[in-house]
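Reading the structure
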Amino acid sequence: IPSPKEITINHKTGKIYAIDDSSGKIFVIDETNEEILDQLYIVNSPSKLAVNTKNNIIFILDDNKIYSLDGTTNKINFKPLVINSSSTLEPRDITINEQKNLLYITYNNASKSSILYVIDAKDNDIINSLSFSGVGNVEVDVKGNLIFLQKTDGITILNQLQNGTIGKNRDNILIDGIMDFDFDS
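What you are looking at is a predicted structure, and each value in this text was computed from that prediction instead of being measured.

**Let's talk about the overall build of the chain**
Scanning the chain from N- to C-terminus turns up zero helices and 18 strands. Across the 185 residues in the chain, those meeting the buried criterion constitute 46%. For the chain, the proportion of contacts with a sequence separation of at least 24, taken over those separated by at least 6, is 32%.

**Overview of the pairing of strand β14 (residues 146-151)**
Among the six residues of β14, five are classified as buried, and the element is accordingly described as predominantly covered. Alignment of strand β13 (residues 138-141) against β14, held across four bridges, turns out to be antiparallel. Paired with Val140 across the strands is Ile147, a residue of β14.

**What to know about the pairing of strand β5 (residues 46-52)**
Along a regular strand, successive side chains alternate from one face of the sheet to the other. Burial analysis of β5 places six of its seven residues in the buried class, the great majority of the element. As paired elements, β5 and strand β6 (residues 57-62) share six bridges and run antiparallel to each other. The residue of β6 that forms the bridge with Val51 is Ile58. Count of turn residues in the β5/β6 antiparallel hairpin: four residues, of which Asn56 carries a positive phi of about 55°.

**Regarding unusual backbone geometry**
Peptide bonds are, in most cases, trans, and in most cases residues other than glycine have a negative phi. For Asn56, which is not glycine, the phi torsion reads 55° and is therefore positive. Of note, Asn56 is situated in the loop between β5 and β6. Take Asn56: its relative accessible area is 11%, and that puts it in the buried class. The backbone phi angle of Asn124 is positive, close to 60°, even though this residue is not glycine. Note that Asn124 resides in the loop between β11 (113-120) and β12 (125-133).

**Points about the environment of Asp123**
Residue position: Asp123 is located in the loop between β11 and β12. Counting along the chain gives 22 residues from Asp123 to Asn101, while the straight-line C-alpha distance between them is 9.8 Å.

**Comments concerning the pattern of salt bridges**
For the structure on display, the rule yields two salt bridges. One salt bridge in this structure joins Lys48 and Glu6, with 3.7 Å as the shortest N-O distance. Of the two residues, Lys48 sits in strand β5 while Glu6 sits in strand β1 (residues 4-10), which places them 42 residues apart along the sequence. The exposure class assigned to Glu6 is buried, which follows from its relative accessible area of 17%.

**Some details on the nonpolar core**
Judged by nonpolar contacts, the single largest core of 17 residues is most densely connected at Phe59, Ile66, Ile83, Leu103, Ile105 and Ile119. Only β6, β9 (90-97), β10 (102-108) and β11 provide two or more residues apiece to this core. Contacts of Leu103, omitting those with residues within four sequence positions, involve Phe59, Ile66, Ile94, Thr95, Ile96, Tyr117, Val118, Ile119 and Ala121. With 13 residues, the next largest nonpolar core counts Val28, Ile42, Ile58 and Ile76 among its residues.

**Observations regarding the sheet that holds β10**
Within the open sheet, the four strands sit side by side as β9-β10-β11-β12. Their pairing is antiparallel. Each having just a single partner strand, β9 and β12 make up the two edges of the open sheet. With direction set aside, neighbouring strand axes in the sheet form an average angle of 20°. Taken together, the eight bridges between β11 and β12 define a ladder with antiparallel strand orientation. Bridging across to β12, Ser114 finds its partner in Phe132.

Reading the values: the criteria
- Residues numbered from 1 in each chain as written.
- Predicted model: local features only at pLDDT ≥ 70, side-chain atom pairs only at ≥ 80, totals over all residues.
- Heavy atoms only, no water.
- Helix = DSSP H or I, 4+ residues; strand = E, 2+ residues; numbered from the N terminus.
- Buried < 20%, exposed > 50% of the residue type's maximum accessible area, 1.4 Å probe, protein only.
- Contact = heavy atoms within 4.5 Å.
- Pairing = 2+ DSSP bridges.
- Salt bridge = Lys/Arg side-chain N within 4 Å of Asp/Glu carboxyl O.
- Core = buried A, V, L, I, M, F, W, Y, C linked by side-chain atoms within 4.5 Å.
- Axes fitted to C-alpha atoms, helices over the stretch in contact; angles between N-to-C directions.

Written out as structure tokens, the structure reads:
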């Protein structure tokens, strides 16, 4: 792969998915023998990947659209979910909560204001959104039902409620690189 930009692995299938920045192609690679199985092309410029190992679907963040890739057939669903039509916001990160089948996608602009979208990955419905200031990387802890948002001044932890809505947050809790938060509050 000439210029790898993003990579993710489906450990259940042994497939590696990588975005080549120079061509915009997505490479599907066999993890065991390191053979390229397929090269897929998306219209614009794919930037981030997230894999749902439960149903073998790979989500591709491409500008303001999310495409889904069937990991069994390597076919892309070219009827994407359009997230945000604003040309001032750029995709930043994508991750998935496999237990709830929810996608979390962040966008930000040059002034570092960001939006987190929570999306039902089954129905492609936007369940919730939240504006915040910061960089916009996102991770999910499925056991604790927590969403971690990286910001310029720390990390915000959000409670993920059962229906996909976002509950109480604990803001700016990064202290000397150690997250310090109280689960009882």
